[in-house]
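Residue-level structural notes
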There are 2 protein chains.
Amino acid sequence: MMPTPPQSHLPLGTGVEFDAIRAMLQVWGSQASGIGDDAAMLQVPAGESLVVSTDATFEHVHFRREWLTPHEIGARAAAAALSDLAAMGATPAGLLLALGVPPAWRGEMEALAHGVGEVAAAALCPIVGGNVTRAGELSLTITVLGTSPRPLQRAGARTGDALYVTGMLGGPGAALDALLRGATPRDVDRARFAAPRARIAEGRWLAEHGARAAIDVSDGLIADAGHLAAASDVRVVIELASLPCLDGITPEGAASSGEEYELLVAFPADARPSADEFRAQFDLPLTEVGFVAEGHGVGLDGRGGRVDLLRGYDHLS
Amino acid sequence: MMPTPPQSHLPLGTGVEFDAIRAMLQVWGSQASGIGDDAAMLQVPAGESLVVSTDATFEHVHFRREWLTPHEIGARAAAAALSDLAAMGATPAGLLLALGVPPAWRGEMEALAHGVGEVAAAALCPIVGGNVTRAGELSLTITVLGTSPRPLQRAGARTGDALYVTGMLGGPGAALDALLRGATPRDVDRARFAAPRARIAEGRWLAEHGARAAIDVSDGLIADAGHLAAASDVRVVIELASLPCLDGITPEGAASSGEEYELLVAFPADARPSADEFRAQFDLPLTEVGFVAEGHGVGLDGRGGRVDLLRGYDHLS
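**Some remarks on unusual backbone geometry**
All names here are of chain B. With a phi close to 55°, Glu259 is a non-glycine residue in the positive phi region. Inspection of the secondary structure puts Glu259 in the loop between α8 (251–256) and β9 (263–267). The backbone of Asp283 shows a phi angle near 55°, a positive value even though the residue is not glycine. The residue Asp283 is located in the loop between α9 (275–282) and β10 (286–293) in this model.

Dropping the structure here:
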């Protein structure tokens, strides 16, 4: 059951900040609810846990203006945030958008709002609050709330588990490589970079079909496998040859590509999911890519020394 | 009842971003809980509403580095965010800190974390999540969650209500005026500017004693009275002569001083709160400052023409 936010938002006061918020509310229409109070109100179904996550996208750090349309920037930021709910197997309940807006971006706020709204709508996630402030560079800090009777966590993986990943990997990494060297990315790569999907329904399906740990692939499969291993106090072994690579992408490229927002999921070896059923439901592959062993860190299919070559994306490095 | 977050946080992976998060976790100790998963988990007591708000503080927009210590910057950002829960009469349940960190600020992250942690601790609010990214300017975007059986809203004011404000006004405005002209603020003003308090316990007391609408004073009393008036579809009349001014502050200064984080609250005229009881409990004045009338906008004690002179702080102007 979706938590029920208040059905309408309040009249707002005056001022440029509120004009900007009003323009975005007009874009969002009935998607936005309860905005204009000091805080938004949500109901959490009895017996369910609330899950909450915050995620930031900064110009110059996470993208350059010439790489993406404002609509894509909004959509991508929302997908990145909602992906954390997908990794918990949670049902979205609300999204809050905090915008830092430089003068040069003021004319793009409706397009940004459109992008955020489109992705939120696809996730059936109401927009319940936010904040607008001027800033020296564009930033979107998005907080998402969701509910689940039994959230998936990173810490649930156990020795012997089988590891699966959703979708096809490598597009965002290849697109970013091309953009960074001034080349034009292939359309197939750019689409995955500019318009990632948050695997909300997929995450719920996986949780309902027995997954016991999950993480979304934001830093790169190897790096995120490392986070899963650390949280679960296990070793994760990835079989490079088994990775689902987009056409023309090497396994190494697929393993290090960040901002995929696919899900890496652990299942007990005796309770594996049906990839056929998953594909029939979501038109998306679900591929076994490795297993969980005793120890710690990430091993690559007998080539453990390769791990250092495949660095995930580190936002402060 | 406090919602119960998970009792411990997960081991984290490797990388500079995670080192920064680890350093902050060390500062927070047992104040931080459940950090390291894709999303934090919280339980909301049955029958209570969840309230959530996000608030951003940007260098150059909300402060200049030379005005405040890093500890004060963190404390101030947390107080500003928690103040939105105070205005809803809610009990804090969790705080998420999204940091944008320029290279020149990296050495200050522990001091920032100390400031956030001190204010969160005073509000009995666990720190449940966050995000760290590099950025061109320092920003703290803080999301707070709280719970309440019956949240106070801006829209609840009715014609005939009496309006009260907590505390003594004018310090932050006077401090900011001094800083902006290169002067040294008085200690009493600077203390209110650099270390505001979120009126959490006060907000709950007011809600329990019959308040039916509230807003926190962040843009300035007149500007926030305007937001309350717009949300409640009423006119708010403020009696300038009645404002509780810090020594040496004019009523006009008190009425336009922003970032006070005091509460402006409406009570039915026949169910007024006891200012004596309030003061006995919180060592803080609770002052009647006006009333609610039919109409819209804000009137000043028969001097309606003055409203335009008393502009609130508008983050995009």
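And the narrative resumes.
**With respect to the relation of the copies chain B and chain A**
Its rotation angle being 180°, the transformation that places chain B on chain A also includes 0.0 Å of axial translation and leaves an RMSD of 0.0 Å. On this basis, the relationship between the two copies can be described by a two-fold rotation axis. Residues of chain B ranked by C-alpha distance from the rotation axis are headed by B:Ala46, positioned 3.0 Å from it. Comparing interface residues between copies, 100% of those in chain B also lie at the interface in chain A; the contact surface is shared.

**So, the domain arrangement of chain A**
Residues and elements named next belong to chain A. Split by domain assignment, chain A resolves into domain 1 (16–40 + 47–148) and domain 2 (154–302). The straight-line distance from the C-alpha centre of domain 1 to that of domain 2 is 25 Å. At the interface, 18 residues of domain 1 touch 19 residues of domain 2. Only α2 (70–87) and β3 (91–101) provide two or more residues apiece to the side of domain 1 that touches domain 2. Here the residues of the side of domain 1 that touches domain 2 sort into 12 nonpolar, three polar and three charged.

**Some details on helix α3 (residues 109–122) of chain A**
Residue and element names in this part refer to chain A. Taking 1.5 Å of rise per residue, the 14 residues of α3 would be expected to cover 20 Å, and the 20 Å separating its terminal C-alpha atoms lies within 8% of that figure. Taken residue by residue, α3 has Met109, Leu112, Ala113, Gly115, Val116, Gly117, Val119 and Ala120 as its buried positions. One or two steps after α3, the chain reaches Leu124, where phi turns positive at roughly 55°.

**Some details on the interface of chain B and chain A**
Every contact between the two is made by 67 residues of chain B and, on the other side, 67 residues of chain A. Per element, the largest residue contribution to the side of chain B that touches chain A is nine residues, and it comes from strand β2 (residues 49–58) of chain B. Its residues assigned to classes, the side of chain B that touches chain A comprises 32 nonpolar, 24 polar and 11 charged. Two strands pair when backbone bridges link them, and strand β1 (residues 40–42) of chain A and β2(B) are joined in this way by three bridges, in the antiparallel orientation. Bridge pairing in β2(B) places A:Met41 opposite B:Val51.

**Brief notes about the packing of helix α4 (residues 171–180) of chain A against helix α5 (residues 187–194) of chain A**
Residue and element names in this part refer to chain A. The interhelical angle for the contact between α4 and α5, taken along N-to-C directions, is 105°, at an axis separation of 7 Å. One element, α4, and the other, α5, form an angle in the roughly perpendicular class. Between α4, through Gly171, Pro172, Ala174, Ala175 and Leu176, and α5, the contact on the second element is made entirely by Val188, Asp189, Arg190, Arg192 and Phe193. Class assignment for the residues of the contact of α4 with α5 results in six nonpolar, one polar and three charged.

**Side note on the pairing of strand β7 (residues 213–216) of chain B**
Residue and element names in this part refer to chain B. Judged by which residues are buried, β7 turns out to be covered on both faces: Ala213 and Ile215 on one side and Ala214 and Asp216 on the other are all buried. Here four bridges tie β7 to β9, and the two strands are oriented antiparallel to one another. Bridge assignment links Ala214 to a residue of β9, and that residue is Val265.

**As for the sheet that holds β1(A)**
Strand-to-strand pairing in sheets goes through backbone hydrogen bonds, with the strands running parallel or antiparallel. Spatially, the five strands line up as an open sheet ordered β1(A)-β2(B)-β5(B)-β3(B)-β4(B), and their pairing is mixed. In the strand order of this sheet, the two ends are held by β1 of chain A together with β4 (127–134) of chain B, each with one partner. Each neighbouring strand pair of the sheet contributes to a mean axis angle of 20°, computed without reference to strand direction.

**Considering the packing of helix α2 (residues 70–87) of chain B against helix α6 (residues 200–208) of chain B**
Each pair of packed helices gets described by two things: the angle between the helix axes and the distance between those axes. Residue and element names in this part refer to chain B. Running from N to C, α2 and α6 cross one another at 10°; their axes reach a closest spacing of 8 Å. Our classification of the angle between α2 and α6 gives roughly parallel. Taken as a pair, α2 and α6 cross one another with a handedness that is right-handed. Here α2 contributes Leu82, Leu85, Ala86 and Ala87 to the contact with α6, which in turn contributes Ile200, Glu202 and Gly203. Its residues assigned to classes, the contact of α2 with α6 shows five nonpolar, one polar and one charged.

Each value, and the rule that gives it
Residues numbered from 1 in each chain as written. Chains lettered and ligands numbered in written order. Predicted model: local features only at pLDDT ≥ 70, side-chain atom pairs only at ≥ 80, totals over all residues. Helix = DSSP H or I, 4+ residues; strand = E, 2+ residues; numbered from the N terminus. Least-squares fit on C-alpha atoms with pLDDT ≥ 70 in both. Contact = placed C-beta atoms within 7 Å. Domains from an automatic or database assignment. Nonpolar A, V, L, I, M, F, W, Y, C, P; charged D, E, K, R; others polar. Expected span 1.5 Å × (residues − 1). Buried ≥ 20, exposed ≤ 12 C-beta atoms within 10 Å, placed from the backbone. Pairing = 2+ DSSP bridges. Axes fitted to C-alpha atoms, helices over the stretch in contact; angles between N-to-C directions. Parallel < 35°, antiparallel > 145°, perpendicular 65-115°, else oblique. Left-handed = near helix turned anticlockwise from the far one by under 90°.

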